[in-house]
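Report on the structure
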Amino acid sequence: MHDVNLAVARAQEEMRAWSSAASARAAAMTAWADALEADVDRLADLIVGEVGKIRAEAHREVLLSADALRYNAGEARRLDGRAGRLDDSSLAFVERVPVGVTAFIVPWNTPVLLLVRDLAPALAAGVTAVVKPSPLAPLSIEHTIRLGRDAGVPPDVVQVLHGDARTGAHLVSHPTVRAVAFTGSVEVGRAVLRAAAADFTRVLLELGGKGVSVIHHDADIDVAVRESVRGACFTSGQMCMAVTRVLAERSIFEEVVGAVVEHTRAVTVGDPRDPATDMGPLITNAHQARVQDYVELARREARVLCGGDPPADLDGPYLRPAVITGVRPESRLVQEEIFGPVLMVEPFDGDTEAVALANASPFGLTASIWTRDLDRAWRVGRQIDTGTVWINRFGGLYAEVPFGGMKSSGLGRTRGSEGLRQFTDVRVLNWRPA
Ligand code: NAD
């Protein structure tokens, strides 16, 4: 508690100087981006070591983080606000001001990028930050923040506080903390929202997902299946935006199931440091057991076509990716986030059923549609209740494009101008000249 109070007090103290020096903010953020790029190998090694994702994914995570800083460094100098004369001859100035000290609470699965995608727009907006990493992945964040300091970000502008749920909860309920950027599970997201209610603290919630991939009969089936399986196995399926359900039009259902099984069986599970590996381990033994419980449920109430068991030759929380058919939409397999390499394939007849199935879970983060018919892509895409709908692709993420969830996947948007406004408040000055 003492650490939380001290960090928040220091962050508050730094607010005025940091928020009033846009050029200095932009320069420090650009230098930080340079430093991340220069140190990408070491940082990627740290991420691989603590998360277990493969090196190529860790590498991309660092480069996307550098890009977020670079993009938002430009945004730091943008003048935002408006002014106008009103009917009674008074003048109104509408200005955007930084929301205040902000807490960043980060999960373990993509630690550096999930911090920086929110932190970069927040720093551009002029806020100061207290960061709480997951106890499962503290080192890469610690190193990232050290690089920021060396690049010129003042130490009290971005502080890191290590700790567990209690540290996070103290931060959220600290009255000086005016906003919380939380990425994590739905249950903890709910607790954060409840705690934030006490002082009306602003919340950005980026929560779980249940990504769907809707494959129509006229799609390039090979590409659609390959990308869907990649999306299911990325970071061992421990991604909010992972593909968890492939919905295939009935006329191509058997073909899609066959191709999904073939591509899934070809995934090489192993040491994430080995360049030949496609998928590393899960984060812990406990999480492996949790994912296997879902596979057992699928064995009882549906059909497991391949995978779902640990490879005999590997020591650690490894799991072969699983493909499942015959699930009912009301099953826990569809309604809950599994957060592992488990992919269901379900048939649909016509666009209406495709939309109903895609919207059947409480989550609303991401979806992909695969079709050569642009009218269909537009029609179906606009009815899917997810914050992002990709057409003929999976996984496009850009610093300038907003990202976030509908329904239980969250509140607010990260990235883009929406991501920056999240960290501002509005002050109106209304002046009647004498
Ligand atoms: P988690 O919710 O268990 O923990 C996230 C963070 O919150 C950790 O730092 C944890 O220490 C902290 N925390 C725990 N209890 C708290 C409390 N009461 N108050 C404040 N902080 C608290 O999540 P996790 O297991 O680390 O990460 C996996 C989850 O994150 C999945 O549900 C996944 O879908 C989600 N996620 C979402 C996105 C997105 O962009 N929407 C991205 C990645 C991960």
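Here goes a summary of the coordinates provided. (Residues numbered from 1 in each chain as written. Predicted model: local features only at pLDDT ≥ 70, side-chain atom pairs only at ≥ 80, totals over all residues. Heavy atoms only, no water.)

**Side note on the overall build of the protein**
A tally of regular secondary structure across the protein gives 15 helices and 18 strands. For a compact globule of 434 residues, the expected C-alpha radius of gyration is about 22 Å, and the protein comes in at 23 Å, within 12% of that figure. In terms of principal-axis extent, the alpha carbons of the protein reach across some 75 × 55 × 40 Å. Taken across its 434 residues, the protein has 56% of its residues classed as buried. (Helix = DSSP H or I, 4+ residues; strand = E, 2+ residues; numbered from the N terminus. Rg over C-alpha atoms; globule rule 2.2 N^0.38 Å. Buried < 20%, exposed > 50% of the residue type's maximum accessible area, 1.4 Å probe, protein only.)

**A few points about empty space enclosed by the protein**
The probe, sized like a water molecule, is rolled over the atoms to show the empty space still left. Going through the model one piece at a time under the given rule, you end up with 4 cavities of 30 Å³ or more. As a volume, the largest cavity reaches approximately 170 Å³. Forming the boundary of the largest cavity are 17 residues, of which Thr110, Leu113, Met239, Met241 and Leu397 lie nearest the centre. Among the elements that take part in the lining of the largest cavity, helix H4 (residues 55-76) stands out by supplying 4 residues, more than any other. Considered class by class, the residues forming the lining of the largest cavity number 9 nonpolar, 2 polar and 6 charged. (1 Å grid on protein atoms, 1.4 Å probe; cavity = no way out; pocket = protein on both sides within 12 Å on 5 of 7 lines; lining within 4 Å. Points joined across faces, edges and corners; volume = space filled by probe spheres on them. Nonpolar A, V, L, I, M, F, W, Y, C, P; charged D, E, K, R; others polar.)

**Topic: the layout of surface pockets**
In this structure, the largest pocket encloses a volume near 960 Å³. Taken together, 40 residues form the lining of the largest pocket, with Pro107, Phe182, Gly184, Ser185 and Val188 sitting closest to its centre. Where the lining of the largest pocket is concerned, the elements lending two or more residues are helix H7 (165-172), strand E6 (179-183), helix H8 (186-197) and helix H11 (285-301). Taken together, the residues of the lining of the largest pocket break down into 23 nonpolar, 9 polar and 8 charged. Its volume calculated, the second largest pocket comes out at about 440 Å³. Lining the second largest pocket are 18 residues, with Arg25, Ala76, Arg78, Asp80 and Arg96 sitting closest to its centre. Its residues placed into classes, the lining of the second largest pocket shows 7 nonpolar, 3 polar and 8 charged.

**Points about the site of the ligand**
Not every one of the 28 residues close to the ligand is listed here, only the nearest: Val106, Lys132, Ser185, Leu207 and Glu337. Contact between the ligand and Arg117: an oxygen atom at 2.9 Å from a side-chain N or O atom of the residue. Here Gly184 contributes a backbone N or O atom positioned 3.4 Å from an oxygen atom of the ligand. Contact with the protein chains covers 87% of the free accessible surface of the ligand, which is 860 Å². (Near = heavy atom within 4 Å. Polar contact = N/O pair within 3.5 Å; in protein donor to acceptor, adjacent residues only side chain to side chain. Areas by Shrake-Rupley, 256 points an atom, 1.4 Å probe, with all protein chains shown as cover.)

**Side note on the sheet that holds strand E1 (residues 81-85)**
On the basis of which strands lie adjacent, the open sheet formed by 3 strands has the order E1-E2-E18 and antiparallel pairing. If you trace the sheet from one side to the other, it starts and ends with E1 and strand E18 (424-431), each paired once. Between one strand axis and the next, the sheet turns by 15° as a mean value, whatever way the strands run. Two strands pair when backbone bridges link them, and strand E2 (residues 91-98) and E18 are joined in this way by 8 bridges, in the antiparallel orientation. When the sheet's bridge partners are listed, Phe93 is paired in E18 with Leu429. (Pairing = 2+ DSSP bridges. Axes fitted to C-alpha atoms, helices over the stretch in contact; angles between N-to-C directions.)

**Things to note about the environment of Leu64**
Here Leu64 is to be found in helix H4. Sequence-wise, Leu64 and Ala399 are 335 residues apart; in three dimensions their C-alpha atoms are separated by 7.9 Å. Dropping the residues within four chain positions of it, Leu64 is found in contact with Leu113 and Leu397. (Contact = heavy atoms within 4.5 Å.)

**Structural notes on a nonpolar patch on the surface**
Nonpolar side chains collect at one region of the surface, where Phe93, Leu429 and Trp431 lie side by side and expose about 320 Å² of accessible area between them. Summarising the element assignment, Trp431 is placed in strand E18. (Patch = residues over 30% accessible without salt bridge, like charges linked within 9 Å, V, L, I, M, F, W, Y side chains within 5 Å. Salt bridge = Lys/Arg side-chain N within 4 Å of Asp/Glu carboxyl O.)

**Remarks on the side chain of Asp39**
Note on placement: Asp39 falls in the loop between helix H2 (22-38) and helix H3 (40-51). The exposure class assigned to Asp39 is buried, which follows from its relative accessible area of 13%. Aside from chain neighbours lying at most four places away, what touches Asp39 is His143 and Leu147.

**Considerations on the pairing of E6**
Among the 5 residues that make up E6, 5 are buried, leaving the element largely enclosed by the rest of the structure. Along E6, one buried face is formed by Ala179, Ala181 and Thr183 and the opposite face, lined by Val180 and Phe182, is buried too. Two strands pair when backbone bridges link them, and strand E3 (residues 102-105) and E6 are joined in this way by 4 bridges, in the parallel orientation. Note that in E6 the partner of Phe104 across the bridge is Ala181.

**A few points about the environment of Gly270**
Relative to the helices and strands, Gly270 is located in the loop between helix H10 (253-265) and H11. Sequence-wise, Gly270 and Leu314 are 44 residues apart; in three dimensions their C-alpha atoms are separated by 7.2 Å. Sequence-distant contacts of Gly270, defined by excluding residues within four places in its chain, comprise Thr277, Met279, Gly280, Pro281, Leu314 and Tyr318.

**Things to note about the state of the cysteines**
In total, this model carries 0 disulfides according to the counting rule given. Sulfur of Cys233: no disulfide; nearest cysteine sulfur belongs to Cys306 and is 9.4 Å away. (Disulfide = S-S within 2.5 Å.)

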